[in-house]
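Coordinate inspection notes
Residue-level listing of the chains:
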Amino acid sequence: MPLKDNPVQNCQLVGARYPDYGYDDRHNDLSKQYLATCPETTRHWHASSLQVEQEVHDPVELIVTGTIPSYVAGTLYRTGPRGSHQVDTEKAGAFKLHHWFDGFVQNHRFQIIPSMHGPTRVLYNSRSAVDSLLEHIRRTGQIDDITFAQKRDPCTSIFRKIFGSINASIGLHSTVPSGDGDSGVDDRGSQSGIQTLWSKTDAAMYRQLDPETLEPIGYATQTVLHPSLRGQFTAAHAKSDPFTGDVYNYNLDLGRVPTYRVFRVSAVTGKTDIIATITDAPSAYLHSILLTESYLVLCVWNAHFAWGGLKILWERNMLDSIASFDPTGKALWYVVDRIHDNGVVAKFQSDPFFCFHTINAWEEPSSAHPSDVDIVADLSIYENLDILKRLYYENLLSSSPGAEDFAGEKRDTSRAMLRRFRLPSILSRGASQSGVAVENFTAPKDHSCDLPTVNPHTLTKPSRYIYGVTDRGNSTFFDGLVKYDTYTREPMFWFREGQNPGEPIFIPDPDGKDEQDGVLLSVSFLLVLDARTMEELGRASMECAVGLGFHGLYASSTSVGIPLEV
């Protein structure tokens, strides 16, 4: 049934307003004619992807064109800010959010259903996760809690408990151990096979969602896992062992002596163990970690919190509490033995950088000592912290004058680079003295990406191909997808003007023999690309857009295994 015939709240039907939305060239003559005659403001197609409003509570069937392979059958969840970043209030006019990471959270669900007698079907539904917050803002005209980057009077409620709530939802996860009766955890499951669905941020708390309706139904903090995990921060991207399903992360307790507690949650027993404690690193905003077959690597890159993190209490947001980037500083690397629980077994330093997303890491025989082991690590990095400022809405919206501030040199410093590091001689290194993390290569920015992914069969093993979203100057932000070959150092792109594909998720072909055998799923509509050729196989089109968001979770309905989380 077409989307416009179903219950939709605050939905703009945008087939013409947002050109080429979800239809390929064979189905797009009308929207192209419209674009040729529309006002100049409607050509700001990147602004459109950030300003879409929609909420679809009851699943609707999308229009599928092309071919979606049957092995893609499953459920794709996505999370990120809803389109609008402002709210009309009862007393203070319009309240506006300042930063993309603080956007009002909305979650999306795509059910991909194979058919014995026809093409694959796709059903879609979505729901806001912050209705109570929106109502509070409408009544009061303000947000009371600490946020990522919302500016406000620091003298207001300065001693309120840190991170009582944080709006942003960065990622999704299907496995968090059950808490006790006071944890606020709901035990309902889903026909899709996902028994628990959690939204996550860089704060050490989780929000539970109904796997089918996406309604918020519970919450938990990391103290449910272990009483020592009382810190305020964690990585939004935990890592799962691809063989055991055990989940690894860190918990950062701020203070005069910042403390990182690295922990493991057993997939079999649900038991949580602290496997390393680090007290000689500065407190920092660390969005992700690295995992090899034997080690966890915590890189403390150069996004250090001022005053040991206590400045957050004054600024009431994270971004203004991060100290200025020091180009003379060092990034610190900690290698933790996760198999024998020997704690930190090696330390390294490298030139400074910032990073959101690690990609993959693995062990291989040392290039200097064949009996020793090196760790090879791929990351998507930035040369400084400019990217954090670029993500203010006033800089992102292509229709905003602020977007011009991130042109030229400032734009270039806020573009990602793919970089490969080598941590040499792990077995003989020891933790008493830091070694040097060696830069193997850095890809040109035009070939690089953020929101990166690889074939999940290569996780903790050598991987050749990296996929992600590009920033090549075709909009004020991400503007396409890239496949980067780390052997030949050559890129392959997918780009369509007027379309903002989100982070790709790699779905392996179960009959594939090669690392690149599979498809990529990306969302503004549901786009399916051949991961080998980067050519479109099919899509599920929508009359309402899914706004540019963050991350997601894919759970296959054709095999039993660990869901693909990014």
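**A word on unusual backbone geometry**
Its identity as a non-glycine residue notwithstanding, Trp307 has a phi of 55 degrees, on the positive side. Tracing the backbone through its elements, the reader meets Trp307 in the loop between β18 (295–300) and α4 (311–315). Phi is positive for Arg316, close to 65 degrees, though the residue is something other than glycine. Its location among the elements puts Arg316 in the loop between α4 and β19 (331–337).

**Looking at the nonpolar core**
As a rule of thumb, nonpolar side chains are buried together in soluble globular proteins. Core analysis: the largest hydrophobic core is formed by 95 residues, its most contacted members being Tyr285 and Trp333. Among the nonpolar cores identified, the runner-up in size contains 22 residues, and Val60, Phe110, Val523 and Leu526 belong to it.

**Observations concerning the environment of Phe506**
Mapped onto the fold, Phe506 is located in strand β30 (residues 505–508). Phe506 gets classed as buried once you look at its relative accessible area, which sits at 1%. Separated by 49 residues in sequence, Phe506 and His457 place their C-alpha atoms 9.9 Å apart.

**Examining the pattern of salt bridges**
It is possible for side chains bearing opposite charge to pair when their charged atoms get close. Scanning the entire structure with this criterion turns up 27 salt bridges. Note that Arg78 is salt-bridged to Glu503, the shortest N-O span being 3.5 Å. Residue Arg78 is located in strand β3 (residues 74–81), and its partner Glu503 is located in the loop between β29 (490–494) and β30; the two are separated by 425 residues in the primary sequence. Assessed through its relative accessible area of 5%, Arg78 is described here as buried. Under the relative-accessibility criterion, Glu503 is labelled buried at 2%. The salt bridge involving Lys347 is made with Asp280; its shortest N-O contact spans 2.6 Å. Taken together, the positions of Lys347 in strand β20 (residues 343–350) and Asp280 in the loop between β16 (272–278) and β17 (290–291) put the pair 67 residues apart, joining distant regions of the chain. By relative accessible area, which is 44% here, Asp280 ends up partly exposed.

Rules of the game
- Residues numbered from 1 in each chain as written.
- Predicted model: local features only at pLDDT ≥ 70, side-chain atom pairs only at ≥ 80, totals over all residues.
- Heavy atoms only, no water.
- Helix = DSSP H or I, 4+ residues; strand = E, 2+ residues; numbered from the N terminus.
- Core = buried A, V, L, I, M, F, W, Y, C linked by side-chain atoms within 4.5 Å.
- Buried < 20%, exposed > 50% of the residue type's maximum accessible area, 1.4 Å probe, protein only.
- Salt bridge = Lys/Arg side-chain N within 4 Å of Asp/Glu carboxyl O.

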